[in-house]
2 protein chains.
Amino acid sequence: MAPATRRPPLRTAIATVCISGTLEDKLIAAAAAGFDGVEIFEPDFVMSATSAPDVRARCADLGLSIDLYQPFRDLDSTDPDQFARNLRRADRKFDVMEALGTDLVLVCSAVSPTAVDDNGLIADQLHQLADRAQQRGMRISYEALAWGTHVNTYERSWDIVRAADHPALGICLDSFHILSRGSDPAGIEAIPGEKIFFLQLADAPLMNMDILQWSRHHRLFPGQGRFDLPAFLRHVLAAGYTGPLSLEVFNDVFRQSDPRRAAVDAHRSLLALYEWSVGHLPLDRSGRSDRVPGGFAPPVPDLAGFTFAEICVDDASAESVTQTLSRLGFAHTGRHRTKPVQLWSQGAARVLVNRNRRADPTDPNGSVGAGVAAIGFETADPTAAALRAQAMLAPLVPRDRGPAEADLSAVAAPDGTQVFFCRTGADDATSWIGDFADTGQAPVPGAGLTAIDHIELTQPFDRYEEATLFLRSVLGLEPEYDLEFAAPFGLVRIRSMANGAGSVRIGLSGSVLRRSGQWIPGVVEPQNVAFATSDIFAAARAAQAAGAPVVPVPANFYDDLDARLTIDPDRLAQMRALNVLLDRTSDGDYWHFYTAVLGGRVFFEVLQRDGGYRGNGELDAPVRMSGHRRQRIDAQASGPAVV
Amino acid sequence: MAPATRRPPLRTAIATVCISGTLEDKLIAAAAAGFDGVEIFEPDFVMSATSAPDVRARCADLGLSIDLYQPFRDLDSTDPDQFARNLRRADRKFDVMEALGTDLVLVCSAVSPTAVDDNGLIADQLHQLADRAQQRGMRISYEALAWGTHVNTYERSWDIVRAADHPALGICLDSFHILSRGSDPAGIEAIPGEKIFFLQLADAPLMNMDILQWSRHHRLFPGQGRFDLPAFLRHVLAAGYTGPLSLEVFNDVFRQSDPRRAAVDAHRSLLALYEWSVGHLPLDRSGRSDRVPGGFAPPVPDLAGFTFAEICVDDASAESVTQTLSRLGFAHTGRHRTKPVQLWSQGAARVLVNRNRRADPTDPNGSVGAGVAAIGFETADPTAAALRAQAMLAPLVPRDRGPAEADLSAVAAPDGTQVFFCRTGADDATSWIGDFADTGQAPVPGAGLTAIDHIELTQPFDRYEEATLFLRSVLGLEPEYDLEFAAPFGLVRIRSMANGAGSVRIGLSGSVLRRSGQWIPGVVEPQNVAFATSDIFAAARAAQAAGAPVVPVPANFYDDLDARLTIDPDRLAQMRALNVLLDRTSDGDYWHFYTAVLGGRVFFEVLQRDGGYRGNGELDAPVRMSGHRRQRIDAQASGPAVV
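Now for a description of the structure that goes with this document. (Residues numbered from 1 in each chain as written. Chains lettered and ligands numbered in written order. Predicted model: local features only at pLDDT ≥ 70, side-chain atom pairs only at ≥ 80, totals over all residues. Heavy atoms only, no water.)

1. A closer look at the overall build of chain A
Phase 1 of the analysis: Within chain A one finds 17 helices and 24 strands.
Phase 2 of the analysis: Relative to the 2.2 N^0.38 estimate, which gives 26 Å for 643 residues, the radius of gyration of chain A is 28 Å and therefore close to what a compact globule would have.
Phase 3 of the analysis: By principal-axis analysis of the C-alpha atoms, chain A measures approximately 85 × 60 × 45 Å.
Phase 4 of the analysis: By the burial criterion, 62% of the 643 residues in chain A qualify as buried.
Phase 5 of the analysis: The contacts of chain A with a sequence gap of at least 6 include a subset with a gap of at least 24, amounting to 73%.
Phase 6 of the analysis: Total accessible area on chain A stands at roughly 23,000 Å², and carbon and sulfur atoms take up 50% of it.
Phase 7 of the analysis: Between the centroid of the 61 positive side chains of chain A and the centroid of its 80 negative side chains there is a distance of 3 Å. (Helix = DSSP H or I, 4+ residues; strand = E, 2+ residues; numbered from the N terminus. Rg over C-alpha atoms; globule rule 2.2 N^0.38 Å. Buried < 20%, exposed > 50% of the residue type's maximum accessible area, 1.4 Å probe, protein only. Contact = heavy atoms within 4.5 Å. Areas by Shrake-Rupley, 256 points an atom, 1.4 Å probe, with all protein chains shown as cover. Lys, Arg positive; Asp, Glu negative; His and termini not counted. Charge placed at Lys NZ, Arg CZ, Asp CG, Glu CD.)

So this is what it looks like as structure tokens:
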């Protein structure tokens, strides 16, 4: 690897094909997200009413360099007439590039039936093209498509570029084309850095499918898939590559999403990748290096656990939330000194109930009821954690702060959830708990909830990757597992993420495809705040005695459980009586019960983990959803009620 | 094949797993769609709060038989203790079946690591199970899963059932498991019909992917995919199978769609499959056999072409539609005698403009502007065509009819579009044109539009299969090709359907995934009524002279066209001047221009086909969409306007 002192400054770029909109929309989004440059994807330009000189001026105004024009397809040909037509086509494209003010074009390996299979002839034809380019002050970057007719590995494309031996001809490396075929990227280090004219980065999930379809539909931004891109990038940098890190991601979702939001996600992915690869992220790009020793972003924070979950309620949902907390053994222990916020506590489990319901405009259910609005995380250095979050493009949340109130650092997650970094025991400005006046109330004995075990946040199906990257890069949570299961109203996708210590677990959940909104017969995608206990049956008895709205579990379910598993009859009878569920795996047991959906879109879970059980009991979600549907039907039948 | 006279009556069933909802929702939907019976999918029952006796009673009330309880997994085992536990589990399930009042259970081949590979041992274990079943008056239907550890072909499952030789043991055939592996279904005819205990039917698209994922996510109802199910069913009937035709379709979309609508789609698929397979569809199921000779549904109609497209307009959009028609050379030739409907004509191209805008409640854009509300098709026997549509579960549209007005038969397509069957030249009650009083106006000379060439209807991404089956089974249109292309605001999917004569072409188009609704920056999914001409340049000149709102095509586009194709310079100059586009394929040329989006969600296209060109010029849609976006931005900037 090249020593850090000789590394060129990080420059980032994005191919316009990655995001949605007209060319004009895309340029604005790329600039706003902080990219240094763009690759102009030819169809975006062809469909645009903006002339090449005007595109050049627009980019200059936006502070964007045009790093590449792409793609030029099917240059080489065994048919001389066709090759002549291809050179004519290239000349026309050089005209466009000249007007755009860019000097580098991507030529990808041919996929046509007349593609050349002879390295010498391909090199000769590329050499001819490079001659014409050089005469106009331009350069050719040759890329092996993974599905090229004959040239489909970077090794072969490099053999050809080396054989052509032309100063205006270099290679383009694309992580997808290389890693999707299982090529060993270590060989990149043998390529002279100055012959690597361009670098395109894309991640992807591992999929057992046609490679072209995989590439065209399922690429992801770095850090969202399963490729080892940090290692890949290290090889490229070790080779001496000095150009921009540029994204080329074809993804059905990103192509139809708001480009302003997608561009931020995209840029975050390059910052995170650079840090994972190189070991640090310089902050001078964002002008904040003076606040941090060494000028680098602080590392991901050590999170000791959840400080609190903040649930916003409206007038209609407030009582159902607080009454349920009370019946689960929580006490209203604190009252915010200046805001309509209550602190409910039991052990280290804390819930803030905020009557200032802030509707999330991105949430289709956001206009009603209660929901998780914020999550507090316990960490030793909240300031550093917030600074890192900002370096990863998380916006600071502007807050009204009363005199003498804690200077809480909060950033916004992409889904609108606010993220607070807290030091509960601290004696300084981060001690948020001093903002609450003691009410003198204490929890009811016997419920025994000890902490927030995990929180499950509902995500639209097309926001999983963005949420994953945020949680990875800002909070240091890593994907533990993905699940997909059939529930009464459709398939549900789960991604569980946790930090290395296992002290913070967040689940992302939602339908696998966006619904039409015409058949959502229950509250099918509520959020879940799950509390740990060391005695699930005691907790369930206390909840039942207090009248907590526990989800009833059908007798059919217990009959099936009894057919499948060996459970002590007395224990099974207890489960039936208390609506306690069991998820048993070879690692251990997960015992739990759920509450009704409270005021719209949040419910609580109480759970006990036995043995080495991993997971969050997700496979019992279908029976919970059926129960929620029945509770909703009952509530509608009986008029307004707590549920 | 068994002679038709000995064929048992058609009985239809559906596995509850096919559709969305709780068990209770599913039973209601299946009954409402006309199914005779159901397969109870175990998880649906396990999650239900309805006891087995109550499910039995519910089904009886709904007129549904319970034809199967399924699935029982992983019976056979090399581990004797495990096998003993499996028999205990089966006994519990027999208890459930007894209470449900069903006698048939599906046992699928084992997928566990301890699955048995020895046919004799599997037969022995199945024999033991069949003994226990027989003692309780029950039967076992054994099915080879395509991904079974060892048993994964119907041939092997039949070998095992034959070896076990037990009267309470038969085979279950599933078209997906058989056809997905490429097995030859002809061998089914060698199985004695009485040993085929059950038949499950599913279609699928041809996909190059993991077979388990293919099965779990992408199955379709018969007629919606690419399997040759009519031939498959003929083999099964030829073997002497007398049980129900039952659907087992795992599909991500159907599982989250409104079950009432999905069940109708499902039932339609079985009726169509039966007809395709057997050659006729008995109507006595629907009680209408007295109206049709022989008691069979009439065949698909011969459609000679489009009679008209009916566009509903609101007050804001009416002028932009009629003004554009006028500028394209249409004349307001007729006025409906009793309704606020205008007939606009030019040659055989006819557009009805209806001021009674009927908002389509299923259409997210339905609340604004203009849209295609109805399509008239020219056919010799409108009554038979409408009767057939009803036999295929298309609802008749109730219509207000004035005295002496035509008795137009209209049915509703699943997307709400009304389908009229017409005989324009007829002198009888089907002569709809007599309902219009002649205005005396004539088309402007020179525009030269001759007919409706095709209509493109926007579909939500999850309605393609339902629309396809409707167009196949009701109108006799067959899928010609599917396209997927990148457009400015996301990928677009196109399915083109046409009748055998090529006289009726309908395109289905839309985004590949449902959008969030937050980034739909133009009118990205409007409908298109496309008119044919024999002289595109004359038509374009006339339109330009009349001031029609033609979509401007960027100079960049023509520059690229010139780089790619060989086009005569004068011709290219004409194209630039008139905004005419060209889609050139090896079959021929397609010349065309588009109008602006008119009042919300419809635009017109004018086209000329040269040579053997097939297709509808879809690949030029991205430049059209960019143009529509610019027109919209311009219109917003300049305030209310025609566009």
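2. Section: the packing of helix α15 (residues 555–564) of chain A against helix α4 (residues 80–100) of chain B
Each pair of packed helices gets described by two things: the angle between the helix axes and the distance between those axes.
Phase 1 of the analysis: Running from amino to carboxyl end, α15 of chain A crosses α4 of chain B at an angle of 155°, the nearest separation of the two axes being 8 Å. Viewed along their axes, α15 of chain A and α4 of chain B adopt a mutual orientation that is roughly antiparallel. Counting all contacts with α15 of chain A, which are made through Asp560, Asp562, Ala563 and Arg564 of chain A, the residues of α4 of chain B involved are Arg88, Arg89, Arg92 and Lys93 of chain B.
Phase 2 of the analysis: Grouping the amino acids of the contact of α15 of chain A with α4 of chain B by side-chain chemistry returns 1 nonpolar, no polar and 7 charged. (Axes fitted to C-alpha atoms, helices over the stretch in contact; angles between N-to-C directions. Parallel < 35°, antiparallel > 145°, perpendicular 65-115°, else oblique. Nonpolar A, V, L, I, M, F, W, Y, C, P; charged D, E, K, R; others polar.)

3. A closer look at the interface of chain A and chain B
Phase 1 of the analysis: Taken together, the contacts link 57 residues of chain A with 57 residues of chain B.
Phase 2 of the analysis: In total, chain A and chain B occlude about 4,900 Å² of area from one another, counting both sides; carbon and sulfur atoms represent 53% of this.
Phase 3 of the analysis: Interface area lost by chain A to chain B is led by Met47, Gln256 and Trp519 of chain A, which between them contribute 15%.
Phase 4 of the analysis: Scanning the region where chain A abuts chain B turns up 8 salt bridges.
Phase 5 of the analysis: For Arg629 of chain B, the salt bridge identified is with Asp25 of chain A, shortest N-O distance 2.5 Å. (Buried area = accessible area lost by both parts, 1.4 Å probe. Salt bridge = Lys/Arg side-chain N within 4 Å of Asp/Glu carboxyl O.)

4. Section: the environment of Tyr69 of chain A
Residues and elements named next belong to chain A.
Phase 1 of the analysis: Structurally, Tyr69 can be placed in strand β3 (residues 65–72).
Phase 2 of the analysis: For Tyr69, a relative accessible area of 1% gives the class buried.
Phase 3 of the analysis: Discounting residues that sit within four places of it in the chain, Tyr69 has contacts with Ile40, Glu42, Phe45, Lys93, Val96, Met97, Leu100, Thr102, Leu104, Val105 and Leu106.

5. Observations regarding the packing of aromatic side chains
Phase 1 of the analysis: According to the stated counting rule, one finds 28 aromatic pairs over all chains in the structure shown.
Phase 2 of the analysis: What links up through ring pairs into an aromatic cluster is the set Phe308, Phe420, Trp432 and Phe436 of chain A.
Phase 3 of the analysis: The residue whose ring lies beneath Arg493 of chain A is Tyr464 of chain A, and the NZ or CZ to ring-centre distance is 4.1 Å.
Phase 4 of the analysis: Residue placement shows Arg571 of chain B over the ring face of Trp591 of chain B; its charged tip is 5.3 Å from the ring centre. (Phe/Tyr/Trp six-rings, centres within 6.5 Å; stacked < 30°, edge-to-face > 60°. Lys NZ or Arg CZ within 6 Å of the ring centre and 35° of its normal.)

6. A short note on the side chain of Asp265 of chain A
Residue and element names in this part refer to chain A.
Phase 1 of the analysis: Take Asp265: it is sitting in helix α10 (residues 259–278).
Phase 2 of the analysis: For the buried Asp265, which has no salt bridge, the nearest side chain bearing the opposite charge is Arg268, at an N-O separation of 4.3 Å.
Phase 3 of the analysis: Leave out the neighbours within four places in its chain, and Asp265 touches Phe221, Gln224, Phe254, Glu466 and Leu469.

7. Remarks on the environment of Ala163 of chain B
Residues and elements named next belong to chain B.
Phase 1 of the analysis: Along the chain, Ala163 falls in helix α6 (residues 154–164).
Phase 2 of the analysis: You can call Ala163 exposed: its relative accessible area is 52%.
Phase 3 of the analysis: Each C-alpha atom of the pair Ala163 and Ile122 lies 9.4 Å from the other, and the pair is 41 residues apart in sequence.

8. Points about the relation of the copies chain A and chain B
Phase 1 of the analysis: In screw terms, the move from chain A to chain B is a rotation of 180° and a rise of 0.0 Å along the axis, fitting with an RMSD of 0.0 Å. Such a turn and shift between the copies fits a two-fold axis. Among all residues of chain A, the one whose C-alpha sits closest to the rotation axis is Met209 of chain A, at a distance of 2.5 Å.
Phase 2 of the analysis: Most of the interface of chain A is mirrored in chain B: 100% of its interface residues are interface residues there too. (Least-squares fit on C-alpha atoms with pLDDT ≥ 70 in both.)

9. Details of the packing of helix α9 (residues 229–238) of chain A against α10 of chain A
Residues and elements named next belong to chain A.
Phase 1 of the analysis: Between α9 and α10, the least distance of the axes is 8 Å, while the angle of their chain directions is 75°. The angle between α9 and α10 places the two elements in the roughly perpendicular class. Listed contacts from α10 to Leu229, Pro230, Leu233, Arg234 and Leu237 of α9 are Leu273, Tyr274, Trp276, Ser277 and Val278.
Phase 2 of the analysis: Each residue belonging to the contact of α9 with α10 can be placed in one class, and the counts come to 8 nonpolar, 1 polar and 1 charged.

10. Re the sheet that holds strand β22 (residues 581–584) of chain A
All names here are of chain A.
Phase 1 of the analysis: Strand order in the open sheet formed by 8 strands is β18-β19-β20-β17-β21-β24-β23-β22, and the pairing between neighbours is mixed. The open sheet has two edge strands, β18 (478–487) and β22, and neither has a second partner. For this sheet, the mean angle separating the axes of adjacent strands, direction not counted, is 25°.
Phase 2 of the analysis: Judged from the 6 bridges that link them, strand β21 (residues 527–533) and strand β24 (residues 602–611) form a sheet pairing that is parallel. Bridging across to β24, Asn528 finds its partner in Phe603.
Phase 3 of the analysis: Each of β17 (449–458), β21, β23 (588–594) and β24 touches helix α14 (residues 536–546); the most contacted strand, β23, lies at about 5° to it. (Pairing = 2+ DSSP bridges.)

11. Things to note about the pairing of strand β5 (residues 139–143) of chain A
Residue and element names in this part refer to chain A.
Phase 1 of the analysis: Across the 5 residues that make up β5, a large majority, 4, are buried.
Phase 2 of the analysis: Relative to β5, strand β4 (residues 104–108) is paired through 5 bridges, and the arrangement is parallel. What sits directly across from Cys108, in β5, is Glu143.
Phase 3 of the analysis: Considered for its hand, the β-α-β crossover made up of β4, helix α5 (residues 119–135) and β5 is right-handed.
Phase 4 of the analysis: In the sheet, β5 pairs with strand β6 (residues 169–174) via 3 bridges, with the strands oriented parallel. Directly across from Ser141, in β6, lies its bridge partner Gly170.
Phase 5 of the analysis: Handedness of the crossover joining β5 and β6 through helix α6 (residues 154–164): right-handed. (Right-handed = clockwise from strand over helix to strand, strands pointing away.)

12. Considerations on the pattern of salt bridges
Phase 1 of the analysis: Following the criterion strictly, the structure yields 64 salt bridges over all chains and no others.
Phase 2 of the analysis: Residue Arg355 of chain B is joined to Asp315 of chain B by a salt bridge in which the shortest nitrogen-to-oxygen separation is 3.4 Å. Taken together, the residues Arg355 of chain B in the loop between β12 (349–354) and β13 (371–379) and Asp315 of chain B in helix α11 (residues 315–327) connect sequence positions 40 residues apart.
Phase 3 of the analysis: Under the relative-accessibility criterion, Arg355 of chain B is labelled partly exposed at 44%.
Phase 4 of the analysis: For Asp589 of chain B, the salt bridge is made with Arg584 of chain B, and the minimal N-O distance between the two is 3.0 Å.
Phase 5 of the analysis: Since its relative accessible area comes to 14%, Asp589 of chain B is described here as buried.
Phase 6 of the analysis: A relative accessible area of 35% places Arg584 of chain B in the partly exposed class.
Phase 7 of the analysis: Where salt bridges share partners, they join Glu42 and Lys93 of chain A together with Asp560 and Arg564 of chain B into one cluster.

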